[in-house]
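Letter by letter, the chains look like this.
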Amino acid sequence: MPNEASERFLRMRMHGEAQGHTLIRVLEREIEPKPRTNGRRKPPRVAFIMAARRDLGYLCAATTSQGVSGRRVDVSSQTMRGFLEMIDRDFPDEIVRITEPVRREFDITSAVFELERKGRNPVVIFESVEGFDIPVVTNLAGSRLLLAAALGVTPEELPDTLRERRQIYIPAEVVDDAPWREVVMEGDDVDLTRLPIPLHFDIDAAPYISAGQITARDPETGVDTTGFHRLMLKGRDRLGVSLHSRRRMYTYHQKAEARGEDLPAAVTIGIHPLHYMGSMAYHYPPDVRKLEIIGGLFGEPYRVAACGTDGLEVPAGAEIVIEGAILADVREPEGPFSELTGYASYRSTENVFVAKRVSMRKDVMFHSVASGMSADHLLIAAVSREAEILNTLKRHLPTVTGVHVPLNTAGALTAVVGMKKTEEGQPRQAIMAALGTEFYCKCVVVVDDDVDIFNLSDVMWAVSTRVRAEEDLVFVPGAMGAILDPTSDPETHTLTKVGVDATKPKGRDFAARLVIPDEQRVRVRGILERAGIKL
């Protein structure tokens, strides 16, 4: 480690977040990281950089606890219960409790869709599920308002806040006490059928755990990850799992399988939605833990506890932890499942998870995500993609004003980019960068800053009136697509992606848009209200 860089780090550490991030980039340029010498140990130079990142995380915690926009974030509890308490206290109209007994078949998910049809997305707690003594919480992540409130910002600020805070890595804090250890089932006592796992749609092959976060370690580096994967109930101790996102968990299992080993894993159910938002981060250094990213969202170290499976660390405040392993060289039919595209998905990696221990709170609550195209299923993924794409674009195109991934395009397949175009060619740069950032996305529409990217009617107006097809469409054949996308090739999962430049041409006259000024709108509203018309 050069002395000059060491001195600069100590000096920068005294001056706050922005300079600290700058220093980390300087260190990474000046010190060439060497490969890991063995397993989980890092060479000294790499270890110093990682220590600098972590020190910066602690330094930034003091500022992020106030929120990016200066408002205090509620970090008194990092649990699902803490989130529910916040809603009860600050947004009482956004939580619904159902005391009437319901079936686990269809009632739970279809209730969420009925509420959505009425324009409502409250958290719903089913206090009585027939045949079970455990309540079910659903639609935890169906509202931009509530997700933004968890971060202490407005819904409009959500993507930018998520983009900024997911670049702050705060080490997790390991605690000894975890309420999920209150009830433990092991060996022959393990029985997953005791959980009120919903059957979401009649086409589903079986009841599905849809809110399970799987945690596992890279068998080579020891770095862990956590993320959503659908889990099909197959028996008392057996779950079908699909790793179709083909990201870190998929790679970890491949590495373990190449060694002839099962992949030790833990499934966590019932945690704070900030955990879910952090788990959906995709673009970050390979030696950073997602638990550190989640800590950045909370603005303080994320509290975790070790479970017996390979010493894996899971959220201390979880409701349920299922420990076991994803088997090597075992494939069994899994699916169909009512997926985010609005179709039944028969596509699966057909992996198998075997449970060895189930731990839970005495007064446990079961969390379920409404499947299909519910906001509960799509919103966190959509906002995460907005943040990831915005992060990429902001680095190279400062004229970009925002990104929206609409829920009615499966919260994944289409992105709308707003920009204040200053040069021709910028929309194409944005299209290529966005498609390269998120492989689920297969259509990118770029519009001028006079178009509301959150209003698809406005976006389609721009497409209809500003696009010349022979000039403004970009096709990328043979690109990597999502396995869940029914238009992707059933074997290679590739498809043709498209970009749409719906911006006005630069440097020549174009028709002026009709706009009613705000002051005129205020004036006419007054006239209408005085006439007895409620607006």
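**Q** Looking at this structure, I do not really get the sheet that holds strand β19 (residues 400–404). What am I missing?
**A** Backbone-to-backbone hydrogen bonds join strands into a sheet, with any given pair of strands oriented parallel or antiparallel. Spatial ordering of the open sheet is given by β19-β20-β21-β23-β22, a layout of five strands whose pairing is mixed. Two strands lie at the open edges of the sheet, namely β19 and β22 (473–480), each paired on one side alone. Strand-to-strand twist across the sheet, computed as the mean angle between neighbouring axes with direction ignored, equals 15°. Note: strand β20 (residues 414–419) against strand β21 (residues 443–448), six bridges, orientation parallel. Bridge pairing in β21 places Ala415 opposite Val444. Of the strands in this sheet, β19 and β20 are in contact with helix α11 (residues 375–396), which crosses β19 at around 160°.

**Q** Before we go on, may I ask you to explain the packing of aromatic side chains in this structure?
**A** The relative placement of two aromatic rings is captured by the distance of their centres and the angle of their planes. For the structure on display, the rule yields five aromatic pairs. Each ring, one from Phe113 and one from Phe201, has its centre 5.8 Å from the other, and the planes form 80°; the classification is edge-to-face. Taken as a pair, Phe113 in helix α5 (residues 107–117) and Phe201 in the loop between β5 (183–186) and β6 (208–209) lie far apart in primary sequence, 88 residues in all. The interplanar angle of 35° and the centroid separation of 4.3 Å between the aromatic rings of Tyr208 and Phe337 together place this pair among those described as tilted. One end of the pair, Tyr208, is in strand β6; the other, Phe337, is in strand β15 (residues 337–338), and 129 residues separate them in sequence. The ring of Tyr440 carries the charged tip of Arg385 above its face, separated from the ring centre by 4.6 Å. Above the plane of the ring of Trp461 lies Arg513, whose end atom (NZ or CZ) is 4.0 Å from the centre.

**Q** Would you mind showing me how to read the pairing of strand β12 (residues 303–306) here?
**A** The two faces of a sheet get side chains in turn, since along a regular strand they alternate between them. As paired strands, strand β4 (residues 173–174) and β12 are joined by two bridges and run parallel to one another. Note on β12: the bridge partner recorded for Val174 is Val304. Across three bridges, the pairing between β12 and strand β13 (residues 313–315) is antiparallel. Residue pairing in the sheet places Ala305 in a bridge with Val314 of β13. Taken together, β12 and the strand that follows it, β13, pair antiparallel across an intervening segment of six residues, in which Asp310 is found at a positive phi of about 60°.

**Q** When you look at the nonpolar core in this model, what are you seeing that I'm missing?
**A** One recurring pattern in soluble globular proteins: nonpolar side chains tend to sit buried together. In terms of nonpolar packing, the biggest core is built from 50 residues, with Leu84, Val123, Val137, Leu140, Leu151, Trp180 and Met277 touching the most fellow members. Every element with two or more residues in this core is listed here: α4 (80–90), β2 (123–126), α6 (144–151), α7 (158–165), α9 (273–279), α10 (290–298), β12 and α11. Here the element with the most residues in this core is α6; it accounts for six residues. The residues touching Val123, leaving out its near neighbours within four places in the chain, are Leu84, Ile87, Glu94, Ile95, Val96, Val137, Thr138, Asn139, Leu140 and Leu146. Core analysis: the next-biggest nonpolar cluster, separate from the first, contains 38 residues, Leu231, Ala256, Phe353 and Val364 among them.

**Q** Is there a simple way to explain the side chain of Asp501 in this structure?
**A** Position of Asp501 among the secondary structure elements: in strand β23 (residues 494–502). Buried charge Asp501 goes without a salt bridge, the closest partner of opposite sign being Lys421 at 4.8 Å. One polar contact links Asp501 to Thr503, side chain to side chain, over a distance of 2.5 Å. Every residue in contact with Asp501, bar those within four places of it in the chain, is listed here: Pro427, Ile431, Val446, Arg466, Val467 and Asp472.

**Q** What is the right way to read the sheet that holds strand β3 (residues 136–138) from this model?
**A** Spatial ordering of the open sheet is given by β1-β2-β3-β18, a layout of four strands whose pairing is mixed. Each of the sheet's edge strands pairs with one partner strand only, and the pair in question is β1 (95–98) and β18 (366–368). For this sheet, the mean angle separating the axes of adjacent strands, direction not counted, is 20°. Summarising the sheet, β1 and β2 pair through four bridges and their orientation is parallel.

Thresholds applied
- Residues numbered from 1 in each chain as written.
- Predicted model: local features only at pLDDT ≥ 70, side-chain atom pairs only at ≥ 80, totals over all residues.
- Heavy atoms only, no water.
- Pairing = 2+ DSSP bridges.
- Helix = DSSP H or I, 4+ residues; strand = E, 2+ residues; numbered from the N terminus.
- Axes fitted to C-alpha atoms, helices over the stretch in contact; angles between N-to-C directions.
- Contact = heavy atoms within 4.5 Å.
- Phe/Tyr/Trp six-rings, centres within 6.5 Å; stacked < 30°, edge-to-face > 60°.
- Lys NZ or Arg CZ within 6 Å of the ring centre and 35° of its normal.
- Core = buried A, V, L, I, M, F, W, Y, C linked by side-chain atoms within 4.5 Å.
- Buried < 20%, exposed > 50% of the residue type's maximum accessible area, 1.4 Å probe, protein only.
- Lys, Arg positive; Asp, Glu negative; His and termini not counted.
- Salt bridge = Lys/Arg side-chain N within 4 Å of Asp/Glu carboxyl O.
- Polar contact = N/O pair within 3.5 Å; in protein donor to acceptor, adjacent residues only side chain to side chain.

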